[in-house]
Amino acid sequence: MESRRNFLKTGALFGAACLTSPLIASPLVSLDPPQKETEHKNSIENYSAGTLFFLRVFDSTLAQTSYVVGNRQSNEVIVIDPKRDIDTYLKIAEENNLKITRVTETHIHADYLSGAPELAYATGAELVLSGETDPNWKYEIPHKAIKDSDKIIMGSIILQAMHTPGHTPESLTYLLTDLSVSSLPQKAFTGDFIFVGDVGRPDLLEKVAGQTGSQDIGAKQLFASMQRFATLPDDLEIWPGHGAGSFCGKSLSDVPQSTLKHEKSTSKAFQFINDEKGFVKYILDGQPEPPNYFATMKQWNRIPRPLLVEVPKRHKLSAHDFLTAQKNGLAIVDARKLGIVAKGHIPKSLHIEGNKSFSTFMGWLLNYQTQYVLIADESEIEDLTRKLMRIGMDNMYGYVSNPQSLGIALKQTNVLSKSDFKPYFNNKNAQIIDVRSKDEYKSGHIATAENIVLADLENSLNKISKDKEIIVHCKSGVRAAMGYSILKKYGFENVKTYTGDLDGLIEADKK
C-alpha cells in the first residue's frame, strides 16, 4: 500500500511521448475524493457468487462498461476494458482486499481513451492485449500477447480468449468458466462484438482510421465470428462493452446483460446468421456518423503515450489570467446550463453544456491541439475533468466560475418561442438551420429547414447567408445552442435559436 502511495505522488510517463497529447503538469487530487452524486459517478453492480468475484462498472457518460473479475479465495482479479480515471478500480481493490494482477482490453477502442496502460503501471499488473493483430493494425505498446484459445487462470476461475474479429481485426471475447459451477463457459465478455440487441459495427477502422476497404472485410469477419459464437451454449451470459447511447452500434439496448439464446431469437443481426450477403448489407446500412475524436482515440489506444494516473486538479483563473488567455487565442468553452448561458455569456465562447454528452461533443467540436478555458461552476470542475480525461482531452488551461467578475460585457442569446419561430418558416429573408443528424432530419423536419449536422457546421459556413436572419434549431435546444455559439464565434450577427420541442412543427413531413 505504501509503495502505491509513493507511486501516486509522481506522475509517471509510459513509453515515448505522444506527438499531440499534452503532458499534464497540474497538481493532482487525492486518490479518494469525497463521493458526491455527479454524472461521473459510476454505476457499480456486484454479481459475485461463490468463488467468483464479479463487478460491472458502467460509465453513463460514454455508455461504456468495464469489468472486475477474479477469484474471491485467492483475492486476485483482472480488469477488462478500464476507463482512464483508474481510481475507481484502485478503490474497488482496496475495499475488497483484492490484488489486480492483470489488465486487459477486448480490442483497440475508438470511443474512449483506455485506462489499461495507466492501471497496469499503477498496480504493477500484467498488461494483456490481443495478439490476433492485423499487420497494418496492431498494438505498439509493451504487453503480453494473448491469442485465440489462450487461457488466463485464477484458480477455479478461467478466462479463455476467443478471437472474434469484425468490429476490429484484433477483437477478443473472453469466455468465463467457474469450474466450481461447471466445466462449460457461463459468461462472455464480448466488448464491442455482441451487444444486447445489436452487434458491433465493422466500419470504424475505415471511417476513422483510414483503412480503405476494411469495412467490407470486417463485415464478413463479423458474420463468421457470429456463426462461431452461435455454437456456444444457449444459456451463455453476454456481458457487452457498451449500452444505449454509444456510437459503437445502431440499436444498442440499455439492458446490461443478455443470453446467447435471447440474442439469437431477438437481435436483428442474428436473423442473418445464414445469409452473409444480407448480413453485410444490414450491418453497413444506417450506422451513425462517428464523432471526430474517434480517429484520435483509435491511434492513441495502440501507441505509447503519456500516462495520467490521477485526476488533474484544475487551476482557477484570475480575471487577469483569463483575459490574457483570451487575448492569446485560447478557446473559451462555456459548460453551464442552457438557460444560464442564454442570460449572459462571454462573446465568441463555445457553448457545450456539461451534461452526460459533454465529452462526446467536446471531442466532436474541438481538436486536440486546441488549449481551452472552461466556464463552469467550481463544484462541477472535477466531474467535467473526469469526463474529458476519458477521451484524452487534457489540454485545459484553467477555469472560471463567474463570468460576471471578469469585467467583460456579456451577451444574451436571442431565443425564440414556438409562436415566434413559426412565422419564419416561409420567410424568404430567413434561413432555418436544422443541426440534428441526417437520420433525424429524414424522419421528419420543417419543410423549409436546411440540414447541416452540428459536427459539420464549422466547415459549412459558406452555406449560410450573412444577409439573412439565421435560426438554428435541433430537437431539445442543446445542439441548437452549440450551433448558435459557433455561428456567433465566426461573425454571424443576425442569429437566433429555437430551443423548444418540435411537437406540431414537423407533422406535415412525417410519412
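Details of the structure are given in the entry above.
Here's a quick rundown of the structure. (Residues numbered from 1 in each chain as written. Predicted model: local features only at pLDDT ≥ 70, side-chain atom pairs only at ≥ 80, totals over all residues. Heavy atoms only, no water.)

Section: the overall build of the protein
Helix and strand counts for the protein come out as 15 helices and 22 strands. Counting over 511 residues, the protein shows a buried share of 57%. The long-range share in the protein, meaning contacts at least 24 apart out of those at least 6 apart in sequence, stands at 67%. For the protein, the accessible area works out to roughly 21,200 Å², and carbon and sulfur atoms hold 49% of it. (Helix = DSSP H or I, 4+ residues; strand = E, 2+ residues; numbered from the N terminus. Buried < 20%, exposed > 50% of the residue type's maximum accessible area, 1.4 Å probe, protein only. Contact = heavy atoms within 4.5 Å. Areas by Shrake-Rupley, 256 points an atom, 1.4 Å probe, with all protein chains shown as cover.)

A short note on the packing of aromatic side chains
Summed over all chains, the structure comprises 15 aromatic pairs. Seen in terms of ring centroids, Phe54 and Trp239 are 4.9 Å apart; in terms of plane orientation they differ by 85°. Their pairing is edge-to-face. One end of the pair, Phe54, is in strand β2 (residues 52-59); the other, Trp239, is in strand β12 (residues 237-240), with 185 residues separating them in the sequence. In terms of burial, Phe54 and Trp239 fall into one category: buried. Ring geometry for Phe223 and Phe279: centres 5.8 Å apart, planes at 45°, overall tilted. On the criterion of sequence distance, the pair formed by Phe223 in helix α5 (residues 214-229) and Phe279 in helix α7 (residues 276-284) is long-range, its members being 56 residues apart. (Phe/Tyr/Trp six-rings, centres within 6.5 Å; stacked < 30°, edge-to-face > 60°.)

Details of the sheet that holds strand β22 (residues 495-498)
Sheet architecture is open: 5 strands sit in the order β18-β22-β21-β19-β20, paired in parallel fashion. The strands lining the two open edges of the sheet, one partner per strand, are β18 (415-416) and β20 (449-451). In this sheet, β22 lies alongside strand β21 (residues 469-473) in parallel orientation, the contact comprising 4 bridges. The residue of β22 that forms the bridge with His473 is Tyr498. Packed onto the sheet, helix α15 (residues 478-489) meets β21 and β22 and runs at close to 175° relative to β22. (Pairing = 2+ DSSP bridges. Axes fitted to C-alpha atoms, helices over the stretch in contact; angles between N-to-C directions.)

Overview of α5
The end-to-end C-alpha distance of α5 is 22 Å, a good match for the 22 Å that 16 residues give at a rise of 1.5 Å each. Within the span of α5, buried status applies to Ser214, Gln215, Gly218, Ala219, Leu222, Phe223, Ser225, Met226 and Phe229. (Expected span 1.5 Å × (residues − 1).)

What to know about the pairing of strand β16 (residues 372-375)
In summary, the side chains of a regular strand alternate between the two faces of the sheet. A two-sided burial pattern is seen for β16, the buried positions comprising Tyr372 and Leu374 on one face and Val373 and Ile375 on the other. As paired elements, strand β14 (residues 331-334) and β16 share 4 bridges and run parallel to each other. Across the sheet, Ile332 pairs through a bridge with Val373, a residue of β16. As judged from the 4 bridges shared by β16 and strand β17 (residues 396-400), these two strands associate in the parallel manner. Paired with Leu374 across the two strands is Tyr399, which belongs to β17.

What about the pattern of salt bridges?
A complete count under the given rule lists 27 salt bridges for this structure. Between Asp334 and Arg336 there is a salt bridge; the shortest N-O distance is 2.8 Å. The pair Asp334 / Arg336 is uniform in exposure class, with both members buried. Across the pair Asp501 and Lys418 runs a salt bridge, and its minimum N-O distance is 2.7 Å. Residue Asp501 is located in the segment after β22, and its partner Lys418 is located in helix α13 (residues 418-421); the two are separated by 83 residues in the primary sequence. Asp501 gets classed as partly exposed once you look at its relative accessible area, which sits at 35%. Given the relative accessible area of 27%, Lys418 is considered partly exposed. (Salt bridge = Lys/Arg side-chain N within 4 Å of Asp/Glu carboxyl O.)

Considerations on the environment of Thr177
As for its placement among the helices and strands, Thr177 is situated in strand β10 (residues 172-178). As for Thr177 and Ile153, which are separated by 24 residues in sequence, their C-alpha atoms are 9.9 Å apart. Discounting residues that sit within four places of it in the chain, Thr177 has contacts with Ser156, Ile157, Ile158, Ser182, Ser183, Leu184, Pro185 and Gln186.

Brief notes about the nonpolar core
The biggest cluster of nonpolar side chains holds 50 residues, and the ones touching the most others in it are Ile352, Met362, Tyr372, Leu374 and Leu487. Each residue touching Leu487, except ones within four places of it in the same chain, is listed here: Leu457, Leu461, Ile464, Ile470, Val472, Phe492 and Val495. Formed by 28 residues, the second largest nonpolar core is a distinct cluster that contains Ile86, Leu119, Leu127 and Leu129. (Core = buried A, V, L, I, M, F, W, Y, C linked by side-chain atoms within 4.5 Å.)

Some words on the sheet that holds β16
With parallel pairing, 4 strands are arranged side by side in an open sheet as β15-β14-β16-β17. Each of the sheet's edge strands pairs with one partner strand only, and the pair in question is β15 (350-351) and β17. Inspection of the sheet shows β14 paired to β15 by 2 bridges, in the parallel sense. Along β15, the bridge assignment pairs Asp334 with His351.

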